[in-house]
Amino acid sequence: MINSDPPTSPTAADQAIEEVVSQGPSGAIVLAGIATACVVAMWLAFYLFVFLPRGSLQ
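Everything quoted here is computed from the prediction, not taken from an experiment. Every chain begins its residue count from 1, and numbering advances along the sequence as written. Local features in this predicted model are restricted to residues whose pLDDT is 70 or higher, and side-chain atom pairs enter the listing and the counts only when it is 80 or higher, whereas totals over whole chains, interfaces and linings include all residues. With hydrogens and water set aside, each side-chain value is computed from the structure's full complement of heavy atoms.

Student: What am I meant to see in the packing of aromatic side chains here?
Tutor: Each aromatic ring pair is described using two quantities: the centre-to-centre distance and the angle formed by the ring planes. For Phe, Tyr and Trp, where Trp contributes only its six-membered ring, two rings pair if their centres lie within 6.5 Å, and the inter-plane angle classes them as stacked under 30 degrees, edge-to-face over 60, or tilted in between. Considering all chains together, one arrives at three aromatic pairs under this definition. On the numbers, 5.4 Å between centres and 85 degrees between planes, the contact of Phe-46 with Phe-51 is edge-to-face. For the pair Tyr-47 and Phe-51, a centre-to-centre distance of 6.3 Å together with 55 degrees between the ring planes defines the contact as tilted. Of the two residues, Tyr-47 and Phe-51 both sit in helix H2 (residues 26-54), four residues apart, roughly one turn of that helix. Remark: exposure states derive from per-residue accessible area (1.4 Å probe, protein chains only) relative to the maximum for the residue type, with buried under 20%, exposed over 50%, and partly exposed in between. The exposure class of Tyr-47 is partly exposed, given its relative accessible area of 34%. Assessed through its relative accessible area of 44%, Phe-51 is described here as partly exposed. One aromatic cluster is present, formed by Trp-43, Phe-46, Tyr-47 and Phe-51 through successive ring pairs. Numbering of helices and strands runs from the N terminus; a helix is a DSSP stretch of H or I covering at least four residues, while a strand is a stretch of E covering at least two.

Okay, structure coming up:
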């Protein structure tokens with residue numbers, strides 16, 4: 001209720017949250033790595049298939 005004391009022992013949900021947080025942001029790091037690899041691959045493909053075939057402009 002509104003005036004009741006907060007619980008002093010962690011509940012099962014709190015323990016599960018702490019367990020997940022303690023494992024770290026591995027999913028975010030994997031996602032960032034995949035996105036970075038895609039951007040680098042697109043840049044390399046663009047360089048190889050567009051810039052190199054055009055040669056030097058005079």
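Student: So what exactly am I meant to see when it comes to H2 here?
Tutor: Every α-helix winds through 3.6 residues per turn, so residues three or four apart in the chain are directed the same way. With 29 residues, H2 should cover 42 Å at 1.5 Å per step; its first-to-last C-alpha distance of 42 Å lies within 8% of that length. A maximum bend of about 30 degrees is found in H2 at Tyr-47. Residue Gly-55 follows H2 closely and has a positive phi angle near 75 degrees. Here the expected span of a helix is defined as 1.5 Å times the quantity of residues minus one. The angle between axes fitted to the seven-residue stretch ending at a residue and the seven-residue stretch beginning at it gives the bend at that residue.

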